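Structural features, examined
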Amino acid sequence: MTAGLTTPAYSRIIGLGEYRPARTLTNDDLCQTLDTSDAWIRQRTGIARRQLAALDESVISMASAASTKALADAGVDSARVGQVVLASCTMPQQIPGGAARVAESIGAIHAGAYDLNAACAGFGYALAAASDAVRVGSAEYVVVAASERLSDWIDWTDRSSAILFADGAGAVVVGPSATPGIGPLVSGSDGSASRLIELTEAGHLRLDGPAVFRWATTALGDIARRACDAAGVAPNQLAAFVPHQANLRIITAIARQLGATEAVIADDIVDAGNTSSASIPLALARLRREGKVAAGDRALTLAFGAGLTWAGTVVTVP
Ligand code: COA
């Protein structure tokens, strides 16, 4: 344990930050080069537009910008951050990882740092690791940044995937709490389905969209309910449902199966597309910015993606 820390009873999210690149790519823009239409993309995915990073907007710079905002939102001095976790599956190189450079960039001079790759589910796992680190006293504050530059890994001639993905970063600060603020993680994986979403040898994302769609709309309702059970929260007590933003039809199908009747359903995908691990913190930050959730509200996050991997947890909104 770090000297001087007392072990808190619980952990919670105490700050949120979002970074959205300035450049917007609309469905009509995509129609210039792909055999597709605005109506098809909206109807099949819910996406109307998405943000793409400029040359100088990297996984690390976007993660750093979102983390700096999350620290300001939390009112925490960066020198008190004990760990920085970078969830990403789109780092341009494997060695070195990016977390240490995010820590340096945000002034987290006493922080340990590591990268975590669980594809689109990465934020869920990183949040749970941060929560556990705070609860056992390994760190007083942990910055979790989820940052993706998917545009580097897209085959822009493949209409089945190029319409879906985008860039951006979201971050949270996790700190000690007297009351439960991050529920137990309900997680799982299915390596037998690893080929459903993968990088080709040419370095392009390839997916079996219909198979992923069927799996997500069949399996994830039960996982969402189990995450609520684990936190002792009934679905109709949720103020928000914030799933990974993969497809609006997947999101509404799971919400219906879950029976979260009072919850606002996050739909950041309409403006942001699928930003992989960044999509949940981006969607949660947006809901709070727009006044659709408030401090103390409970939200179910449900992350899922390549692997296959999934992870759900109920959090209290900061
Ligand atoms: N524009 C127009 N037509 C398109 C198209 C596009 N961008 N992409 C595919 N089509 C066509 C197909 O060729 C097919 O034509 P056909 O009927 O003549 O063969 C038809 O539209 C239906 O395609 P299908 O792939 O069955 O559509 P869908 O309703 O399943 O939607 C996805 C496709 C990709 C949007 C949807 O399956 C999805 O969102 N899947 C999950 C995405 C995912 O895996 N995300 C990453 C994991 S988090």
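The preceding data block contains the structure.
On a predicted model such as this, the values are computed, not experimentally measured, just so you know.

1. Remarks on the sheet that holds strand 4 (residues 81-87)
Ordered by their spatial adjacency, 5 strands build an open sheet running 1-7-6-4-5, and the pairing between neighbours is mixed. Each end of this open sheet is capped by a strand with a single partner; those strands are strand 1 (10-19) and strand 5 (112-116). If you compare each strand with its neighbour and ignore which way they point, the axes differ by 20 degrees on average. Bridge count for strand 6 (residues 141-149) against strand 7 (residues 167-177) is 8 bridges, and the pairing is antiparallel. Bridging across to strand 7, Val-144 finds its partner in Val-172. Of the strands in this sheet, strand 4, strand 5 and strand 6 touch helix 4 (residues 99-106), which is tilted by about 130 degrees from strand 4.

2. Things to note about helix 5 (residues 122-136)
Spacing of three or four residues puts side chains on the same side of an α-helix, whose turn is 3.6 residues. Taking 1.5 Å per residue as the helical rise, helix 5 with its 15 residues ought to reach 21 Å, and the 21 Å between its terminal C-alpha atoms agrees with that figure. What helix 5 keeps buried is the set Gly-122, Phe-123, Gly-124, Ala-126, Leu-127, Ala-128, Ala-130, Ser-131, Ala-133 and Val-134.

3. Things to note about empty space enclosed by the protein
Per the counting criterion, the structure on display carries 1 cavity of 30 Å³ or more. Every residue along the wall of the largest cavity is listed here: Arg-20, Pro-21, Gln-51, Asp-167, Gly-168, Ala-272, Thr-275 and Leu-282.

4. Topic: the layout of surface pockets
In this approach, a probe sized like a water molecule rolls over the atoms, and the result shows the empty space that is left. Of the voids in this model, the largest pocket is the one considered here, and its volume is about 1,000 Å³. In this structure, the largest pocket is lined by 43 residues; those nearest its centre are Cys-120, Phe-165, Ile-197, Leu-205 and Leu-207. Within the residue set of the lining of the largest pocket, elements represented by two or more residues are helix 2 (38-45), strand 5, helix 6 (159-162), strand 9 (197-199), strand 10 (205-207), helix 7 (209-231), helix 8 (248-258) and strand 13 (298-305). Of the voids in this model, the second largest pocket is the one considered here, and its volume is about 320 Å³. Along its surface, the second largest pocket is lined by 19 residues, and Pro-180, Gly-181, Ile-182, Gly-183 and Pro-184 are the ones closest to its centre. Mapped onto the lining of the second largest pocket, the elements with two or more residues apiece are strand 1, helix 5 and strand 14 (309-316). Examining the composition of the lining of the second largest pocket, we find that 4 residues originate from one element, helix 5, more than from any other.

Each value, and the rule that gives it
- Residues numbered from 1 in each chain as written.
- Predicted model: local features only at pLDDT ≥ 70, side-chain atom pairs only at ≥ 80, totals over all residues.
- Heavy atoms only, no water.
- Pairing = 2+ DSSP bridges.
- Helix = DSSP H or I, 4+ residues; strand = E, 2+ residues; numbered from the N terminus.
- Axes fitted to C-alpha atoms, helices over the stretch in contact; angles between N-to-C directions.
- Contact = heavy atoms within 4.5 Å.
- Expected span 1.5 Å × (residues − 1).
- Buried < 20%, exposed > 50% of the residue type's maximum accessible area, 1.4 Å probe, protein only.
- 1 Å grid on protein atoms, 1.4 Å probe; cavity = no way out; pocket = protein on both sides within 12 Å on 5 of 7 lines; lining within 4 Å.
- Points joined across faces, edges and corners; volume = space filled by probe spheres on them.

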